[in-house]
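Analysis of the macromolecular model
Listed below are the residues making up each chain.
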Amino acid sequence: MKIKLTSVYVDDQEKALRFYTEVMGFVKKADFSNGPFRWLTVTSSDEPDGTELQLALNNNPAAKAYQQALFQQGQPAVMFFTDDIKGDYECVKARGAGFSMPPTDVTGSTIAQLSDTCGNLIQITELKRW
């Protein structure tokens, strides 16, 4: 078995697409609609056939409550890994991202957190090499 897709709820799919492509540097993988439903995914430009992130609209009460609760608790909705957190931090910050936590050493890794402007906190993680 493989993990091919994971989802994050967003309050605006167009705004989310701009953020995840223009700020985070991902690329759009799928984008199609069926009536009011829109299937929208992005993926890493380094692994275009890798795991996809669905930008799912939080248009039902359960999704919206879940998204808001995670944000209010300061819990990231999604975590991305990098081999160069300081470089990625500077790059993403230069593209307009607002970080709530700059790269910070914690047990076993260095992490940074930012808002995706669509209702979620994102964590970027660089694992320490032992």
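So, here is what we can say about the structure in this document. (Residues numbered from 1 in each chain as written. Predicted model: local features only at pLDDT ≥ 70, side-chain atom pairs only at ≥ 80, totals over all residues. Heavy atoms only, no water.)

1. As for the sheet that holds strand β4 (residues 52–57)
On the basis of which strands lie adjacent, the open sheet formed by 4 strands has the order β1-β4-β3-β2 and mixed pairing. The two strands at the open ends of the sheet, each matched to only one other strand, are β1 (5–10) and β2 (27–34). In this sheet, adjacent strand axes meet at a mean angle of 25° when their direction is disregarded. With 3 bridges connecting them, strand β3 (residues 37–43) and β4 associate as antiparallel partners. Bridge pairing in β4 places Val42 opposite Leu53. (Pairing = 2+ DSSP bridges. Helix = DSSP H or I, 4+ residues; strand = E, 2+ residues; numbered from the N terminus. Axes fitted to C-alpha atoms, helices over the stretch in contact; angles between N-to-C directions.)

2. Things to note about the sheet that holds strand β7 (residues 109–115)
Either a parallel or an antiparallel arrangement is found when strands of a sheet pair, and the pairing is made through backbone hydrogen bonds. In spatial order, the strands read β5-β8-β7-β6; together these 4 strands make up an open sheet with mixed pairing. In this open sheet, the two strands that pair with only one neighbour each are β5 (78–81) and β6 (99–106). Going across the sheet, the axis of each strand differs from the next one's by a mean of 20°, ignoring polarity. As defined by bridge partners, β6 adjoins β7 across 5 bridges and the pair is classed as antiparallel.

3. Here's the deal with the packing of aromatic side chains
One pass over the structure, following the stated rule, counts 5 aromatic pairs. Ring geometry for Tyr9 and Tyr66: centres 6.4 Å apart, planes at 80°, overall edge-to-face. Placement of the pair is Tyr9 in strand β1 and Tyr66 in helix α2 (residues 61–72), with a sequence separation of 57 residues. (Phe/Tyr/Trp six-rings, centres within 6.5 Å; stacked < 30°, edge-to-face > 60°.)

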